[in-house]
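Take a look at the letters that make up each chain.
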Amino acid sequence: MEDFSDMLLSTLGRRNRNNEDRISKLPDDLLFKIMSFLNTKQAVQTCVLSKRWKPLWQSLPYLDFNYNASPFKQKIVQLDDADPEQVGIKMLSLSNFISQVLFRRCPTDLVKVCVQSLNYDQHASVLAGLMCYAVKHNVQHLTFQLHRGGGGRPFLLPQSLYTCQSLTSLELKGNDWMAVKLPTLLACPALKSLHLSHFSMAGPNFEPTAFSGCPNLQTLQLFDIWIGSENLCINAVNLRSLLLSFVLHGEGKVEICAPRLTTFKYSGIPPIVCLKENLAFLDDVSFDIKAYSLKRNEEESVIRLINTFNEFRQAKSLTLSTSTVKILAKFPSLLDQNRLPFANLKHLKIKVKKWQSKRFEMPACILNCFLNNSTILKISK
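This is a predicted model, so every value here is computed, not measured.

1. Concerning the sheet that holds strand S9 (residues 232–235)
(1) Moving on: As summarised here, the arrangement of the three strands in space is S9-S11-S13, forming an open sheet in which the pairing is parallel. Two strands lie at the open edges of the sheet, namely S9 and strand S13 (273–275), each paired on one side alone. With strand direction ignored, the average angle separating the axes of adjacent strands in the sheet is 15°.
(2) Moving on: The pairing of S9 with strand S11 (residues 254–257) spans four bridges and is parallel. When the bridges of S11 are listed, Asn 235 appears paired with Cys 257.

2. As for the pairing of S11
(1) Moving on: Neither face of S11 is left uncovered, since the one carrying Val 254 and Ile 256 and the one carrying Glu 255 and Cys 257 both have all their residues buried.
(2) Moving on: Pairing geometry for S11 and S13, over three bridges, is parallel. Within the sheet, the bridge partner assigned to Val 254 lies in S13 and is Val 273.

3. A few points about the nonpolar core
The nonpolar side chains of soluble globular proteins are, as a tendency, buried together.
(1) Moving on: Phe 264, Phe 287, Phe 312 and Phe 370 are the most contacted members of the largest nonpolar core, which has 99 residues in total.
(2) Moving on: In terms of residue count, helix H5 (residues 124–136) provides more of this core than any other element does, seven residues in total.
(3) Moving on: Beyond its immediate chain neighbours, meaning those up to four positions away, Phe 312 contacts Ile 256, Phe 264, Val 273, Leu 275, Leu 279, Leu 282, Val 285, Phe 287 and Phe 342.

4. A look at the side chain of Ser 197
(1) Moving on: Secondary-structure assignment places Ser 197 in strand S7 (residues 193–197).
(2) Moving on: Among the residues examined, Ser 197 registers a relative accessible area of 7% and is labelled buried.
(3) Moving on: In contact with Ser 197, other than residues within four places in its own chain, are Leu 172, Lys 173, Gly 174 and Phe 223.

5. Some thoughts on the packing of aromatic side chains
(1) Moving on: Under the defined criterion, the tally for this structure stands at nine aromatic pairs.
(2) Moving on: Aromatic side chains Phe 246 and Tyr 266 sit 5.8 Å apart centroid to centroid with 40° between the ring planes, which places their arrangement in the tilted category. Of this pair, Phe 246 sits in strand S10 (residues 241–249) while Tyr 266 sits in strand S12 (residues 263–268), and the two are 20 residues apart along the sequence.
(3) Moving on: Relative accessible area serves as the criterion here: at 1%, Phe 246 is assigned to the buried category.
(4) Moving on: When the ring of Tyr 266 is compared with that of Phe 287, the centres are 6.1 Å apart and the planes differ by 40°; the resulting orientation is tilted.

6. A word on H5
(1) Moving on: Across its 13 residues, H5 extends 18 Å between first and last C-alpha, which sits within 8% of the 18 Å expected from 1.5 Å per residue.
(2) Moving on: For H5, every residue scored as buried is listed here: Val 126, Leu 127, Ala 128, Leu 130, Met 131, Tyr 133, Ala 134 and Val 135.
(3) Moving on: Asn 138, located one to two residues past H5, shows a positive phi value of around 55°.

7. Structural notes on the environment of Met 362
(1) Moving on: Note that Met 362 resides in the loop between strand S16 (347–351) and helix H10 (364–370).
(2) Moving on: Separated by 17 residues in the primary sequence, Met 362 and Ile 379 place their C-alpha atoms 9.4 Å from one another.
(3) Moving on: If near-sequence neighbours (up to four positions away) are discounted, Met 362 is found in contact with Leu 348, Ile 350, Leu 367 and Leu 377.

The rules we used
- Residues numbered from 1 in each chain as written.
- Predicted model: local features only at pLDDT ≥ 70, side-chain atom pairs only at ≥ 80, totals over all residues.
- Heavy atoms only, no water.
- Pairing = 2+ DSSP bridges.
- Helix = DSSP H or I, 4+ residues; strand = E, 2+ residues; numbered from the N terminus.
- Axes fitted to C-alpha atoms, helices over the stretch in contact; angles between N-to-C directions.
- Buried < 20%, exposed > 50% of the residue type's maximum accessible area, 1.4 Å probe, protein only.
- Core = buried A, V, L, I, M, F, W, Y, C linked by side-chain atoms within 4.5 Å.
- Contact = heavy atoms within 4.5 Å.
- Phe/Tyr/Trp six-rings, centres within 6.5 Å; stacked < 30°, edge-to-face > 60°.
- Expected span 1.5 Å × (residues − 1).

So this is what it looks like as structure tokens:
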């Protein structure tokens, strides 16, 4: 099947029966919107269509530098099996392409910048320079996905990113082989959505109050993160949606001060969560506790989980994974001793995977613990 971007490029270069190029007569803003569906390599290629198109890409407010869409043909699908020499050649090509685009581009504001890169070590200065360029040109949405930092050297984010005034959405995605130093404070007044993945919050560089400089933050997603002995304090008065996913957990607690929070999702190791405000607007709460994380002190972990449930007793809808149900069902006496007062609960949802659907049985202790006269139980796949 032909790729959508190839189809779009083909359409842009096609004229009607009367040899009239109607698309080229569209205003720049509309053409920019059409070109936003292309990655930057394809956007640059539109310059060959006609004189009208030749300078357009230089003012395009959308930049998308994808490692597998850079100016070379061969793609690397499996990162683990990639030839280091081939990766080096591709990264050099991507790095040069980024530099050329920024050098030739008109100094107009940016709406969105996306980067997906491999083996950033030798090209970190180019990637950091792209971030600085985006901030300088008032970028609104920034997405960086980095893989494979070699030698354990962390990728240093430019200081200007921490105080960007125009940024409304920020995604920083890492992987198991890389380290990124997070700022001691994010001071981005326009930031509404923040997504971080594969970061350590256990180091001395991360302060518990790092998010307090984003007063308009509404969505916060922390995927596969580490927390050490220090508390993670999420203080965001306008926060509506919070997702936490931990792969390692020390002695630190998660403190949440978000009076307008409506959605809370948690996965990983049983947490110690403390709320600083009564969550009067809380609608939807979801827990997916991983069984592999409970090899030691299972009973203590279940008590921590029950205490966390109690913090979210205002919820109207509660979703539990089958692994969470199984963990709780191991200690029915603890559930009997700690009845959970979900007075507002309307829906209890059990998320069952397809391969589990025929064998899953709902333990009575879970029903007694969570259900009340107004609660509807729903089993979903």
